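One letter stands for each residue in the lines below.
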Amino acid sequence: MKTLIKDKWYDERVQIALKAFKEGYVIFSPDSQKWYTSRTYVESGEEVTYRDPYGTRDKLPTVVLHQPGAAIVAQIDRVELENAKLKLLVKSINEAFNFDPANKKH
């Protein structure tokens with residue numbers, strides 16, 4: 001079994017993870033661009049950062065809680081966007097260098 005080392009953000013991750021678990025959410029970190037279940041978030045070692053969106057000194061964690069289905073849809077959208085970018089890159093390389101992937105002599 002993996003030994004969990006408690007860093008200085010561990011207790012804060014636990015509190016966030018407990019809230020997410022109780023409400024049936026998964027956790028997204030905009031800082032790392034990663035999705036977590038409650039357990040994987042606690043074990044992640046990720047730094048907990050805060051924001052003050054309303055200027056009220058009510059600091060809120062930057063992580064976002066999402067319904068699991070919405071998280072899956074968001075990740076699918078992200079993959080489709082990255083795939084579209086890749087296709088454009090491949091097309092531009094093919095056009096710029098007359099590259100033919102079928103001809104492996106390049």
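Above this text you will find the structure in question.
We now turn to the structure provided with this report. Model, not experiment: these values are computed from the prediction.

It is worth spelling out the overall build of the protein at this point. Each helix and strand counted, the protein has three helices and five strands in total. Reading the helices (α) and strands (β) of the protein from amino to carboxyl end gives α-β-β-α-β-β-β-α. Relative to its 106 residues, the protein shows a buried fraction of 17%. Excluding contacts between residues fewer than 6 apart, the proportion of contacts in the protein whose partners are at least 24 apart in sequence is 53%.

Applying the stated criterion to the full structure yields three salt bridges. Two residues, Lys91 and Glu95, come together in a salt bridge whose shortest N-O distance is 4.0 Å. Remark: Glu95 and Lys91 occur in helix H3 (residues 68-97); sequence separation between them is four residues, near one turn of the helix.

This part is about the nonpolar core. If you look at soluble globular proteins, the nonpolar side chains tend to sit buried side by side. By size, the foremost hydrophobic cluster in this structure holds ten residues: Tyr10, Ile16, Ala17, Ala20, Ile27, Tyr36, Tyr41, Val42, Val48 and Val63. Contributions of two or more residues to this core are made by helix H1 (10-23) and helix H2 (38-43). Per-element accounting of this core gives the leading share, four residues, to H1. Excluding residues within four positions of it along the chain, Tyr41 makes contact with Arg13, Ile16, Ala17, Ile27, Tyr36, Val48 and Val63.

Between the first and last C-alpha of H1 there are 20 Å, a value that for 14 residues agrees with the 20 Å anticipated at 1.5 Å per step. Taken together, the buried positions of H1 are Tyr10, Arg13, Ile16, Ala17 and Ala20. The arc that holds every buried residue of H1, seen down its axis, measures 125°, which confines them to one face. The exposed residues of H1 that point more than 90 degrees off its buried face are Asp11, Gln15 and Lys22.

Rules of the game
Residues numbered from 1 in each chain as written. Predicted model: local features only at pLDDT ≥ 70, side-chain atom pairs only at ≥ 80, totals over all residues. Heavy atoms only, no water. Helix = DSSP H or I, 4+ residues; strand = E, 2+ residues; numbered from the N terminus. Buried < 20%, exposed > 50% of the residue type's maximum accessible area, 1.4 Å probe, protein only. Contact = heavy atoms within 4.5 Å. Salt bridge = Lys/Arg side-chain N within 4 Å of Asp/Glu carboxyl O. Core = buried A, V, L, I, M, F, W, Y, C linked by side-chain atoms within 4.5 Å. Expected span 1.5 Å × (residues − 1). Arc of directions from axis to C-beta.

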